[in-house]
Amino acid sequence: MAEISDVFFVDGVRTPFGRAGEKGQYWNTRSDDLAVKATIGLMERNPKVPGDRIDDYALAATSQTGDQGLTLGRSVAILSGLPLTVPGFAIDRMCAGAMTSVTTMAGAIGIGMYDLALAGGVEHMGRHPLDGSNVDPNPRFVSEKLVSPDALNMGLTAERIHDRFPELTKERADRFGMLSQHKAQAAYEAGKFQPDLVSVAIKGDDGAWGLATEDEGRRPETTMGGLAGLKTPFRPHGRVTAGTSSPLTDGATVSLLAGSAAVKEFGLAPKMKLVSFAFAGVQPEIMGIGPIPSTEKALRKAGLTIDDIGLFELNEAFAIQVISLLDHFGIADDDPRVNQWGGAIALGHPLAASGVRLMIQLAAQFAERPDVRYGLTAMCVGLGQGGSVIWENPHYNGKRK
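Residues numbered from 1 in each chain as written. Predicted model: local features only at pLDDT ≥ 70, side-chain atom pairs only at ≥ 80, totals over all residues. Heavy atoms only, no water.

The name an unreviewed UniProt entry assigns to the protein is acetyl-CoA C-acyltransferase, from the organism Microbacterium rhizomatis. Taken directly from UniProt, the Sequence similarities (unreviewed entry) text for the protein runs: "Belongs to the thiolase-like superfamily. Thiolase family." (UniProt positions renumbered as here; feature names shortened; annotations may be inferred.)

Here's what the structure looks like:
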C-alpha cells in the first residue's frame, strides 16, 4: 500500500535564457529542442537515477502550439532518449507553468503514487509571442464585464498596481529594476549561475554554429538616470517601462523530484524539501498582487509566518509587482534576503519556464546558507492568479545569523 511521503527537489537545470525575436540567440532553435537539451543535461548529472524509474514528466508551456505542442512532457521525454516507459503530459498556468508542473508532481509523490518525476517548463516567445493569432479570448470576458479589457495586457495590470498603491512610486520601481541588473551581473561574475546552466548549440542566420552559454538580455550598465528617461509603452505618462519589466525571453527549465523512499534507494542528496504550496486568484486587471494571498495561504498551511522566511526568490514580471508583495509584508525593497542574485528583469522571463528557475536559484543559495531554514518561491500569474511554494533547507544547522 502506498504511503504518504515527503517531497524533495533533488536537482534542477536550465538553458541560458535568450532574447526573443530575430536577433535572439535561439531564433533558429526549436522550443522542444530547448527542453530536450535541459532534460538531457539534468539526467547526465544525476547518473544514480535510472531513466526507467521516472514515473512521469510534466512540462509546461503557455502557448501550446507548433513546436510547443504535441503533449510536451511525452514528446520531450522521447526526444531526450528516456525509456519509452516514461509517460508525460503538458501543463498551462501561464507564468506559473513550471511551478505548477512541480506542485502537480509533488502531489503525486506526496501521496505515494510516484517515486521520481521530472517537472519543468519551456517558452519560446520569439516563435510564440503572447499576442499570437492562436489566442482567442471568449467575448463574454468583456461583454459581460467579467474582466476589464486591461486584464489581457500584462503591462496595464502592472500600471494598475501603481494606481491602487500610490506609495509604490516609479522611483522605487526604477531602483528595484536597476538593482536587479546589478545583482545579476555580480552573481555572474562570482560564478553563481553557471553550474546550473546547460549550454545549447545554436545556428545563426549565416549557417554558422555557436554555443549559448549565458543569459542574453542582461543590462548591467543600467542607471537611475537612464531608467528615468525611458518611454512608458503601456500607457501615456505611465510608470512601467522596459527597465522595470521582464523582457520577452526564450528558455527551458527542468527539475528532478523524488519521494523519501527514492532518495534512500538511490542515495540521492536533495537540495530542498517541499514544505507547502498554494495558488490563489485575484482581480485579473491587477494580477500582479496575486502572490500576496497565495503566500499567505502557503504560510498558513506550513504553520509559519513571513518572519520565518530567510530567502525569497520572487519572479520579477514587473518591479512594481514584487514591490507590492514586499510592501504588504513590511519588507524593504532592498532587503538582502530578496532576489540576492537578481531576477527576471535582468535574466529574462520565459513564461512557463520561470518557476523552476526560481527554485534552482533558491536551492543554490540554500547550499551557501546553512543558517537559513526556509525559503519562498513566488510569482504572479496572468488572468489574476498567484503561486507560492515554501521550501526547507536540508543544510540548515539551526544557527540563525
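Caption draft 1: A look at the side chain of T39. Inspection of the secondary structure puts T39 in helix 1 (residues 31-44). Setting aside residues up to four positions removed in sequence, T39 forms contacts with Y57, V76, S80, L82, L118 and V254. (Helix = DSSP H or I, 4+ residues; strand = E, 2+ residues; numbered from the N terminus. Contact = heavy atoms within 4.5 Å.)

Caption draft 2: Seen up close, helix 2 (residues 72-79). What helix 2 keeps buried is the set L72, G73, S75, V76 and A77. For helix 2, the secondary structure elements touched by its buried residues are helix 1, strand 3 (56-60), strand 4 (89-91) and strand 5 (116-124). Looking one or two residues beyond helix 2, the residue adopting positive phi is G81, at roughly 85°. (Buried < 20%, exposed > 50% of the residue type's maximum accessible area, 1.4 Å probe, protein only.)

Caption draft 3: Examining a nonpolar patch on the surface more closely. Residues I4, I111 and M113 make up a contiguous nonpolar surface patch of about 350 Å² in total accessible area. Assignment of secondary structure puts M113 in the loop between helix 3 (97-110) and strand 5. (Patch = residues over 30% accessible without salt bridge, like charges linked within 9 Å, V, L, I, M, F, W, Y side chains within 5 Å. Areas by Shrake-Rupley, 256 points an atom, 1.4 Å probe, with all protein chains shown as cover. Salt bridge = Lys/Arg side-chain N within 4 Å of Asp/Glu carboxyl O.)

Caption draft 4: Main features of the pattern of salt bridges. Counted according to the given criterion, the structure contains 24 salt bridges. The residue D215 makes a salt bridge to R14 at a minimum N-O spacing of 2.7 Å. In this pair, D215 is assigned in the loop between strand 7 (209-212) and helix 7 (224-228) and R14 in strand 1 (residues 7-14), connecting sequence segments 201 residues apart. Grouping residues by exposure puts D215 and R14 together as buried.

Caption draft 5: Structural view of the packing of aromatic side chains. Throughout the structure, instances matching the rule amount to 5 aromatic pairs. The interplanar angle of 75° and the centroid separation of 5.8 Å between the aromatic rings of F9 and W391 together place this pair among those described as edge-to-face. Of this pair, F9 sits in strand 1 while W391 sits in strand 12 (residues 385-392); the two residues are 382 residues apart in sequence, bridging distant segments of the chain. No difference in accessibility class separates F9 from W391, as the two residues are buried. Ring plane angle 80° and centroid distance 6.0 Å describe the contact between F193 and W341, whose orientation is recorded as edge-to-face. With F193 in the loop between helix 6 (170-189) and strand 6 (200-203) and W341 in the loop between helix 10 (319-328) and helix 11 (344-347), the pair connects residues that are 148 residues apart, well separated along the chain. (Phe/Tyr/Trp six-rings, centres within 6.5 Å; stacked < 30°, edge-to-face > 60°.)

Caption draft 6: Helix 3, seen in detail. The end-to-end C-alpha distance of helix 3, which contains 14 residues, comes to 20 Å, matching closely the 20 Å that a straight helix rising 1.5 Å per residue would cover. For helix 3, the buried fraction is high: 12 of the 14 residues fall into the buried class. Of all the residues in helix 3, the buried ones are G97, A98, M99, T100, S101, V102, T103, M105, A106, A108, I109 and G110. Looking one or two places after helix 3, you find G112, whose phi comes out positive at around 85°. (Expected span 1.5 Å × (residues − 1).)

Caption draft 7: How the structure looks around the environment of V356. Counting through the fold element by element, V356 comes out in helix 12 (residues 354-368). For the pair formed by V356 and L314, sequence separation is 42 residues and the distance between their alpha carbons is 12 Å. Beyond its immediate sequence surroundings of up to four residues, V356 is in contact with A98, V102, A119, G120, T253, V254 and S255.

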